[in-house]
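Understanding the architecture of this molecule
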Amino acid sequence: MVIPMTVNNDFLAQLNTSQRRAVEHFCGPLLVVAGAGSGKTRALTYRIAHLISYHQVEPESILAVTFTNKAAREMKERIEKLFAQEMAFKKHGIRFDLLNEYEQKQLLSKVYKSTTKKLWIGTFHSLCTRILRYDINKYQDERGRQWQRNFSIFDESDAQSLVKNIVTKQLNLDDKKFDPRSVRYQISNAKNLGLSPDQYLQKNPSYKSRVIAEVYNEYQSQLAANNALDFDDLILIPVRLFQQNESILGYWHSQFKHILVDEYQDTNQIQYELIRLLATNGETKKSEWNWQNRSIFVVGDADQSIYSFRMADFTILLNFQSDFGDGLPDDDTRTMVKLEENYRSRENILEAANHLIENNSQRIDKILKPTRGSGDFIYCYKADDEQIEAQLVIEHIQKLVRENPELNWGSFAILYRINAQSRPFEDRLIMNSIPYNIVGGFKFYDRQEIKDAIAYLRLIANPSDTVSLLRIINTPRRSIGKTSIESLLKAAQELEIPLWEIISDETSVNTLAGRAAKSVNKFAQMIKSFQEQLDSLSGAEILNQVMEASGYVDDLKQKGTEEADNRLANIFELYNAVLQFQEDSEDQSLQGFLSNASLASDLDDLKEGQEKVSLMTLHSAKGLEFPVVFLVGLEEGLLPHARSVSDPLSLEEERRLCYVGVTRAQEQLFLTYARERFVWGSKEAKMPSRFLQELPSDLIKSNVPPKVVKSRPSLTTSSPKILKQSNETWSVGDQVIHQVFGEGEITRILGSGKKSSLAIKFPGLGQKIIDPTIAPLKRNE
DNA sequence: CGCTCCCCCATTTTT
DNA sequence: TGGGGGAGCG
């Protein structure tokens, strides 16, 4: 598809110099250091559009890796729109938004078919899944284990129970000494470093590691037996495959000519290895690299690296210059661009953010340069406990909505360190019937009935998936009891074949299952019939039919409880999700939907323009922005989290987390903390977070009298005035309580004598002129 | 053999 | 504070 160059000139004109350098980059390596709100998504999308329309790059040879599915979707949509705008001008000679709805849709769908559909945009996990659906059958691990293309993706709880079973049942270990959760974590970390069980043991020689390596090894065997992979394998296996098979690597290397990585600071070793292999074809000598018609373009911000618990390593970003780039100092380099202009937040917010992050030692020097006005103060409130904290925040939101027509519920975000903090806010939002959206916590796909339904689908798609089989063989009740299952399972284990192979064979079942045989056979027959129709029925049809045929729906209908009704509704919602997926991706296969479902995150369905207050963790908030942000629970032990305070590096990550929170705010930022808080059912006294002291005090208005009273010289142009009236004396900087407007601070004294009045700034309400002789004011101590 | 009740344990962040 | 697992009962 060829698009006229005139278009490019249009969109390039909207960019600043640095953005333009990034967008116009064609071949070779480039690191884009992109501060919060500096328009990095714009740089990414424009560059992709530019590659295609100006440099005539084939869309299918572009690989763009994002951190969330949502980011991937947004990027596709934005690129789609860019091209549609171009085409509108070219074909109809008018602006895209002036076309009627039908013409718009038609253009978008045309662009989708010709361009965006062919782009490889997605998360590491989803892109790797796509690669594995082609090539996993060519892979063999160090112990000869193999997988088939229809592999299942095990979620964290599947993985967890597998590990737990190995630790406690198979190896009979003391689960106090070998906590299954921590063992699982160790295994995950090993995989993220690219280590096999043996390599892990070699690197950490100790008794404990020997045991963990043993569990790891057995865990891999069980995954293979289920023809299943965990999240980490999705990336580890392509890397191993590329390392062991030159021609497969060669194929994908020549497929992906232009590689873009968003949130590069959050990549871990194995992801880095994947990118390195694809970009360089595995050639380690830098001098041998051929960048002709190829590029590696990464975008990131070390100050927003908040995923080290997932083995993310921002030194990978810090090393980009020496890894891929020219390694020259900042002023001379041609392989790095810094985006420092911030288009999101008010100056006061940026100043606070810059000030805070300067307390970190490990970073690339970079400041956020304001492009908007200074804005209001940052307000900081101390509450007695988490209930009062929530009340304060919600009342404030109501007040702001009442008094600012440009704000609606969707303008607000409440950000916290841990999910458990959400409850009091939720309670109060419900009490006041304010619509809200909570991201995280329990996910849709974690619900029992959804996991059951998915288990049916997984078993149909992948008969080796014994974990799924065991989940649903007697759900709903088919009087297939423990003992019958036990004996079938034992046979399968002895023969080292998947349980399904026993269960799907009538004779074997008759021999082993006793009275349950009839039920087992009937069940197997049902699953078989769906397996036969795997290619002829769509995912949605299979789901619909299997939920009926299995008796799952009838079972719930018969129960008739409110809970059962809810579950039915959820299953229907799942059905809608399959339909939606089929429509969006044009992928009708069950397989496609299952992969998508496994990799879906809660954040992905956070819809914009919903006019709902958003509640989420700081981690979930990355990449988002809101006019008004409440950063809550700023207490020692919470932010920074108690588990991080003893380690300087973790503490820096907590500070980055706080920085991420601060930089989400466009217009106004509120900070809150509680004096005491319920933790595990008992009240605990809390100290204000150390990060509060790291913010510039002259930008912050607090409801706690500061120890040293500082007035802002910039606000009082003349020498400080004092207003004396009746028996009260008022001066600039005084904290007051107004009967109607609440707490405020005197910012100015106007006039003199009888005619004088006070300018008082009320948090969130702005500045008001008040005559203290008419409106009673109280001093706020 | 399945269900319910009770006790104990756990909370950092997530693709 | 809630969910999961184990024990005991119907």
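In this text the structure is predicted, and so the values were computed from the model without any measurement.

All right, on to the sheet that holds strand β19 (residues 700–702) then. Read across the open sheet, the seven strands follow the order β13-β14-β12-β15-β16-β11-β19; overall the sheet is parallel. Both edges of this open sheet fall to β13 (436–438) and β19, since each of them pairs with a single strand only. Taken pair by pair, the neighbouring strands of this sheet meet at an average axis angle of 20°, ignoring direction. Across five bridges, strand β11 (residues 378–383) lies against strand β16 (residues 665–674) in parallel orientation.

Looking now at the sheet that holds strand β6 (residues 258–261). Reading across the sheet, the six strands line up as β3-β2-β6-β7-β1-β8 and stay open at both edges, with parallel pairing between neighbours. Looking along the sheet, the strands with just one partner apiece sit at the ends: β3 (120–123) and β8 (336–339). Taken pair by pair, the neighbouring strands of this sheet meet at an average axis angle of 15°, ignoring direction. Sheet topology note: the β6/strand β7 (residues 295–300) ladder contains four bridges and is parallel.

Position of R363 among the secondary structure elements: in the loop between α16 (347–357) and β10 (369–370). In terms of polar contacts, R363 uses its side chain to reach the side chain of D303, at 2.7 Å. The residues contacting R363, other than those within four sequence positions of it, are D303, I357 and E358.

With that settled, the discussion passes to the protein's contact with DNA strand B. In the vicinity of DNA strand B there are 23 residues, among which R181, R417, R477, T483 and W680 approach most closely. For DNA strand B, the backbone portion of the atoms within 4 Å of the protein, that is sugar and phosphate, comes to 56%. The separation between a base oxygen of DNA strand B and a polar side-chain atom of H125 is 3.1 Å. One of the backbone nitrogen or oxygen atoms of N419 is found 3.0 Å away from a phosphate oxygen of DNA strand B. A class-by-class count of the residues in the surface near DNA strand B yields seven nonpolar, 11 polar and five charged.

Mapped onto this numbering, the UniProt entry annotates "domain: UvrD-like helicase ATP-binding" (unreviewed entry) at residues 13–346. Between the end C-alpha atoms of residues 13–346 there is a gap of 24 Å, over a span that is 51% helix and 11% strand.

The omega torsion of the bond from T475 to P476 falls at 0°, within 30 degrees of zero and hence cis. Tracing the chain through its elements places P476 in the loop between α20 (466–472) and α21 (482–495). Cis rather than trans, the peptide bond between L639 and P640 has omega equal to 10°. Note on placement: P640 falls in the loop between β15 (626–631) and α30 (648–662). In the Ramachandran plot, N172 falls in the positive-phi region, its phi being about 50° despite a non-glycine side chain. With respect to the helices and strands, N172 occurs in the loop between α7 (156–170) and α8 (180–192).

Below, the discussion takes up the pairing of β16. Extensive coverage of β16 is indicated by the burial of nine of its 10 residues. When β15 meets β16, the two strands line up parallel, connected through five bridges. The residue bridging V628 from the neighbouring strand is Q668, located in β16.

Criteria and thresholds
Residues numbered from 1 in each chain as written. Chains lettered and ligands numbered in written order. Predicted model: local features only at pLDDT ≥ 70, side-chain atom pairs only at ≥ 80, totals over all residues. Heavy atoms only, no water. Pairing = 2+ DSSP bridges. Helix = DSSP H or I, 4+ residues; strand = E, 2+ residues; numbered from the N terminus. Axes fitted to C-alpha atoms, helices over the stretch in contact; angles between N-to-C directions. Polar contact = N/O pair within 3.5 Å; in protein donor to acceptor, adjacent residues only side chain to side chain. Contact = heavy atoms within 4.5 Å. Near = heavy atom within 4 Å. Nonpolar A, V, L, I, M, F, W, Y, C, P; charged D, E, K, R; others polar. UniProt positions renumbered as here; feature names shortened; annotations may be inferred. Buried < 20%, exposed > 50% of the residue type's maximum accessible area, 1.4 Å probe, protein only.

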